[in-house]
Amino acid sequence: MIKRKLLWWSLMLLLLVSVVWLASNNQGYVLIVRPPFRWQFSFNFLLILIVLSFLLLHYFLRFVHFLRFLPANRRSKQEAQRLKASNDALLEGMHALAEGDFESAEVAVKHAHDLIQNADHEKLLAALALEKNKQGFLFK
């Protein structure tokens, strides 16, 4: 890991030194003529403008992409939070069932059902009632 970081830092330093050396030895210029205008730039300045415009375009497009998918990401996050809450409610119901508190288990199952909106709620309640009857029969 450290060798990889050292390699990347040395490569970036070498790249930076070579860019500075090439830019300092460059005496070229760019002449753009569009009548009635005439623009003259140093070649280094034009390269900097090209790189900055590329970066600006890149981050602008990333921002547009982020804004475009923001509603879907928000819905996905809300869905994940809702599923987590339903899983917590089911876990609470299982704990209550294991402790023998059938009323709390039933309330937790109904709460989980409201969160996940699943049609298997009746199966869960039937299994809970069967378990309640079984446990009640054993402990009477």
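Above this text sits the structure in question.
This structure is a prediction, so every number in the text was calculated from the model and none was measured.

Asks: I'd like a description of a nonpolar patch on the surface, backed by residues and values.
Replies: Residues Leu 7, Trp 8, Leu 11, Met 12, Leu 14, Leu 15 and Val 19 make up a contiguous nonpolar surface patch of about 710 Å² in total accessible area. Residue placement: Trp 8 occurs in helix 1 (residues 2–24).

Asks: An account of the environment of Asp 88 is needed here, citing residue identities and associated values.
Replies: Summarising the element assignment, Asp 88 is placed in helix 3 (residues 70–99). Classification of Asp 88 by relative accessible area gives partly exposed; the value is 41%. Sequence separation between Asp 88 and Ala 112 is 24 residues, and the spatial gap between their C-alpha atoms is 8.1 Å.

Asks: Describe the side chain of Ser 86, with residues and values.
Replies: Secondary-structure assignment places Ser 86 in helix 3. Apart from residues lying up to four places away in sequence, Ser 86 is in contact with Ala 112, Leu 115 and Ile 116.

Asks: Describe helix 4 (residues 102–116), listing the residues and the values that go with them.
Replies: Across its 15 residues, helix 4 extends 21 Å between first and last C-alpha, which sits within 8% of the 21 Å expected from 1.5 Å per residue. What helix 4 keeps buried is the set Phe 102, Ala 105, Ala 108, Val 109, Ala 112 and Leu 115. Seen along its axis, helix 4 keeps its buried residues to an arc of 140°; they face one direction. The exposed residues of helix 4 that point more than 90 degrees off its buried face are Glu 103, Val 107 and Asp 114.

Thresholds, definitions, all that
The written sequence of each chain sets the order in which its residues are numbered from 1. Under the rules for a predicted model, residues below a pLDDT of 70 receive no local features and side-chain atom pairs below 80 are neither given nor counted, while totals for whole chains, interfaces and linings still include all residues. Excluded from the side-chain calculations are hydrogens and water; all other atoms, namely the structure's heavy atoms, are used. In this analysis, a patch consists of residues with relative accessible area above 30% that form no salt bridge, clustered at 9 Å for like charges and at 5 Å for the nonpolar side chains Val, Leu, Ile, Met, Phe, Trp and Tyr. Using a 1.4 Å probe, accessible areas were evaluated by the Shrake-Rupley method; residue-level cover was limited to the displayed protein chains. Definition used for salt bridges: Asp or Glu carboxyl oxygen within 4 Å of a side-chain nitrogen of Lys or Arg. Only DSSP runs of H or I reaching four residues or more are called helices, and only runs of E reaching two or more are called strands; each is numbered from the N terminus. Exposed residues in this analysis have more than 50% of their type's maximum accessible area, buried residues have under 20%, and partly exposed residues fall in between, with area computed by a 1.4 Å probe over protein chains only. Residue contacts are counted whenever heavy atoms from the two residues lie within 4.5 Å of one another. Helix span is expected to be 1.5 Å times the residue number reduced by one. This arc describes the spread of directions from the helix axis toward the C-beta atoms.

Coordinates in, geometry out; function isn't part of it.
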